[in-house]
Amino acid sequence: MLILYLLTYLYQGDGYLYRSKIYLYNTASKRLEEFIPRVKNEVKMYVCGPTVYDETHIGHARTYIAFDIIRRYFEYLGYKVTFILNITDIDDKIIRRANEEGKSWKEISEYYTERFLEDIRALYIKEASHYPKVTEFINEIVNLTSLLIEKGYAYEVNGSVYFNVDKIPDYGSLSGQRIEDLIAGARVAVDPNKKNPLDFALWKAWKPREPWWSSPWGPGRPGWHIECVVMATKYLGEVFDIHGGGQDLVFPHHENELAIAKACFGKESFARYWLHTGLLTIKGEKMSKSLHNIIPVRDLLKKYRAEAIRLYIASSHYRSQLDFSIDALAQYEVTLDTLYAAHDYLVSVIGKNVSNAEELLEREEVGKVDKEVLENVNVLKNSFIDAMNNDFSTPKALSILLKFARYITSVLSEYEELSRTTILKLYIEYLKMAEVFGVLNERKPPVDVEKLFYELLSLVIELRNYFRKQKMWSIADNIRDKLGALGILINDTKYRTLWRWRRK
Ligand code: AMP
Ligand code: ZN
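Keep in mind the model is a prediction, meaning the values are calculated, not measured.

Reading guide: rules and limits
Residues numbered from 1 in each chain as written. Chains lettered and ligands numbered in written order. Predicted model: local features only at pLDDT ≥ 70, side-chain atom pairs only at ≥ 80, totals over all residues. Heavy atoms only, no water. Pairing = 2+ DSSP bridges. Helix = DSSP H or I, 4+ residues; strand = E, 2+ residues; numbered from the N terminus. Donors = N, O, S within 2.8 Å, 3.2 Å for Na, K, Ca; no water. Buried < 20%, exposed > 50% of the residue type's maximum accessible area, 1.4 Å probe, protein only. Right-handed = clockwise from strand over helix to strand, strands pointing away. Domains from an automatic or database assignment. Near = heavy atom within 4 Å. Polar contact = N/O pair within 3.5 Å; in protein donor to acceptor, adjacent residues only side chain to side chain. Areas by Shrake-Rupley, 256 points an atom, 1.4 Å probe, with all protein chains shown as cover. Phe/Tyr/Trp six-rings, centres within 6.5 Å; stacked < 30°, edge-to-face > 60°. Lys NZ or Arg CZ within 6 Å of the ring centre and 35° of its normal. Axes fitted to C-alpha atoms, helices over the stretch in contact; angles between N-to-C directions. Parallel < 35°, antiparallel > 145°, perpendicular 65-115°, else oblique. Left-handed = near helix turned anticlockwise from the far one by under 90°. Contact = heavy atoms within 4.5 Å. Nonpolar A, V, L, I, M, F, W, Y, C, P; charged D, E, K, R; others polar. Salt bridge = Lys/Arg side-chain N within 4 Å of Asp/Glu carboxyl O.

A separate point is the sheet that holds strand 11 (residues 280-282). Taken together, the three strands give an open sheet; going across it, the order is 12-11-13, and neighbouring strands pair in mixed fashion. Each edge of the open sheet carries a strand with a single partner, namely strand 12 (285-286) and strand 13 (322-323). Sheet analysis places strand 11 next to strand 12, joined by two bridges and oriented antiparallel. The partner of Thr281 across the bridge, within strand 12, is Lys286.

Another aspect to go through is the coordination of the zinc ion (ligand 2). Note on metal sites: the ideal angle is 109.5 degrees for four tetrahedral donors, and 90 or 180 degrees for six octahedral donors. Around the zinc ion (ligand 2), the donor atoms from the protein are Cys48 (SG), Cys228 (SG) and His253 (NE2), and they sit 2.0 to 2.2 Å away. Expressed as a motif, the donor residue spacing for the zinc ion (ligand 2) is C-x179-C-x24-H. Here Cys228 is found in helix 8 (residues 224-236), whereas its partner His253 is found in helix 9 (residues 250-265), with 25 residues between them in sequence. In terms of burial, Cys228 and His253 fall into one category: buried.

So, on to the pairing of strand 7 (residues 200-205). Counting buried positions along strand 7 yields five of six residues, so the element is predominantly enclosed. Note: strand 6 (residues 160-163) against strand 7, three bridges, orientation antiparallel. For Val161, the partnering residue across the bridge sits in strand 7 and is Trp203. Across three bridges, the pairing between strand 7 and strand 8 (residues 220-222) is antiparallel. When the sheet's bridge partners are listed, Lys204 is paired in strand 8 with Arg221.

Attention now goes to the pairing of strand 3 (residues 42-47). Sheet topology places strand 3 next to strand 4 (residues 80-85); six bridges connect them, and they run parallel. Residue Tyr46 lies in a different strand from strand 4, and its bridge partner there is Ile84. Handedness of the crossover joining strand 3 and strand 4 through helix 3 (residues 58-76) is recorded here as right-handed. Of the pairings in the sheet, the one linking strand 3 to strand 9 (residues 239-246) comprises three bridges and is parallel in character. Paired with Tyr46 across the bridge in strand 9 is His243.

Attention now goes to the domain arrangement of the protein chain. Segmenting the protein chain into domains produces domain 1 (2-29 + 41-302), domain 2 (326-437) and domain 3 (449-501). For domain 2 versus domain 3, the separation of C-alpha centres amounts to 36 Å.

With that out of the way, let us pick up the site of ligand 1. In the vicinity of ligand 1, 19 residues are found, and the nearest of them are His60, Thr63, Asp248, Leu280 and Met287. Note that an oxygen atom of ligand 1 is positioned 3.0 Å from one of the backbone N or O atoms of Gly246. The backbone of Leu280 places a nitrogen or oxygen atom 2.8 Å from a nitrogen atom of ligand 1. Protein coverage of the free-state accessible area of ligand 1, which is 480 Å², stands at 93%.

Right, let's get into the packing of aromatic side chains. A full pass over the atoms with the stated rule returns 30 aromatic pairs. With 5.1 Å between their ring centres and 80° between their planes, Phe240 and Phe270 make a pair best called edge-to-face. Separated by 30 residues along the polypeptide, Phe240 in strand 9 and Phe270 in strand 10 (residues 270-277) bring together distant segments of the chain. Here Phe240 matches Phe270 in class, with each residue buried. A connected cluster of aromatic rings, assembled from ring pairs, spans Phe35, Tyr73, Phe74, Tyr76, Tyr79, Tyr273, Tyr318, Phe384, Phe392 and Phe437. Stacked on the ring of Tyr155, the Lys or Arg Lys195 has its end atom at 4.4 Å from the ring centre. The ring of Tyr25 is capped by Arg319, whose NZ or CZ atom sits 4.1 Å from the centre of that ring.

Right, let's get into the packing of helix 6 (residues 138-150) against helix 9. One can describe the packing of helix 6 onto helix 9 by two numbers: an axis separation of 10 Å at closest approach and a directional angle of 70°. Taken as axis vectors, helix 6 and helix 9 run roughly perpendicular relative to one another. Here helix 6 runs over helix 9; the crossing is left-handed. Every residue of helix 9 that contacts helix 6 at Leu144, Leu147 and Leu148 is listed here: Ile260, Ala263, Cys264 and Phe265. The residue makeup of the contact of helix 6 with helix 9, split by class, is seven nonpolar, no polar and no charged.

Before going further, it helps to examine unusual backbone geometry. Residue Pro252 follows Phe251 across a cis peptide bond; omega there is 0°. Of note, Pro252 is situated in helix 9. With a phi close to 65°, Arg209 is a non-glycine residue in the positive phi region. Here Arg209 lies in the loop between strand 7 and strand 8. Arg209 sits in the exposed class, given a relative accessible area of 62%. The phi angle at Asp391 is positive, at roughly 55°, despite the residue not being glycine. Within the fold, Asp391 resides in the loop between helix 14 (368-389) and helix 15 (394-414). In this structure Asp391 comes out as buried when scored by relative accessible area, which is 2%.

So, about the pattern of salt bridges. Per the stated rule, a full pass over the model turns up 30 salt bridges. Here Glu34 ties to Lys21 by a salt bridge, and the two come within 4.0 Å at their closest N and O atoms. Here Lys21 lies in the loop between helix 2 (13-16) and strand 1 (23-26) and Glu34 lies in strand 2 (residues 31-34), a separation of 13 residues in the sequence. We classify Glu34 as partly exposed; its relative accessible area is 29%. Here Lys21 falls in the partly exposed class, since its relative accessible area comes to 46%. A salt bridge links Arg464 to Asp492; the nearest nitrogen and oxygen atoms lie 2.9 Å apart. Here the residue Arg464 occupies a position in helix 17 (residues 449-469), and Asp492 occupies one in strand 14 (residues 488-492), the gap between them amounting to 28 residues. Arg464 gets classed as buried once you look at its relative accessible area, which sits at 2%. The partly exposed category is assigned to Asp492, whose relative accessible area is 31%.

So, in structure tokens, the structure goes:
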């Protein structure tokens, strides 16, 4: 009995939240690990943002939707999440694009940053706590670079500063590669300036037609990897919970970020868990701006609903490779309709569009049928949590959400006696689960409700007149009285039925 009580306690409401163990795959340890936040009930996460020189494509969307779902799941469990998504607004590619188009690097990066933010918002990706831009952190980058030189981890050559990877004994541990293999595999042009071919730039000396900032080593601009160390630690501290990005960033970007962080802040610093999304491919090739095979998010959104795109992305595990298929995506339009149907049916039974379901809950005696329904909801909820706790297994979790939708439809059509409380609870739990996937955002009626009202009223009046013609007076009177109770007064005149509002 006690065990049963405990289990019910653990699995219901807030009591469950922090007792549920999340296991996630940590790229650093290459195994599933229990997630233990540094600060109780809080998650601090950093995800590498885009280099803004071209349109946001569905490959980016895959990564950002995946992390958005992870963030939303933490929030579902009651964690407070700080989510940082940076914008790389200065980089070789931006400069190249600017020079090609005869524009300034700033014009290019501002234009594409704006479009990126529009795109991710259109995809219902929740707002990040901050969207830091590299160029807002030049001072901090210069300071950290100086510190690395002071500590003996970096060296300057001809106005550029390089990080010396030989100084980090376990360099390569994140990507699980040995230094020798990395050197053999690295397609880095031999650079006489570097002590080790894997050394990477913290600061790049100015070249003609490039923007520059002043530094102790002369004019130049920051290298890529150090920017994320600066921005992550600025907002999240020297040690934080999760660092994410696509699989393509493990090496060299994240390996190098980690090397910098260890050198600056100590061996145990930086992200505790490294999460990487599998790449979205198209005909087996990575979708990428440089391979010219991108499908921009905004093009896709002209034909498919953002929420269908989200469901499609959620239908594959975030770590697996996903080969893009328009036919597969199209199927999720149907899935989305099934999800909305359950929502609309619930609203039709509740009798109004509810934005405050929690407040409407009444302390009501629940009958046997209600208990059975609520137990089934709990089972669905627990299996959803189990799926998500298992390294955010969204394909399984999505199948449970769909099962929930079908269950709602069947309960509403088959059970005669359901309390209002039960229906509201179904509504609340269903929406909470849907919110993890970021769907069912469009809950308002997709029509002009005022116009619809006049049309429906005409329909009712037409029906009533039909009954009058058939001399079915009691039905006709009943309709008139019910309309009257709703504040609509009927006046049957010679040629037409008029109606007016009860004003007082
Ligand atoms: P980028 O614009 O290349 O700097 O990438 C920004 C983020 O999107 C990084 O986390 C990348 O790993 C991720 N990303 C880029 N292309 C893809 C892709 N084809 N599939 C999944 N993630 C991607
Ligand atoms: Zn980064």
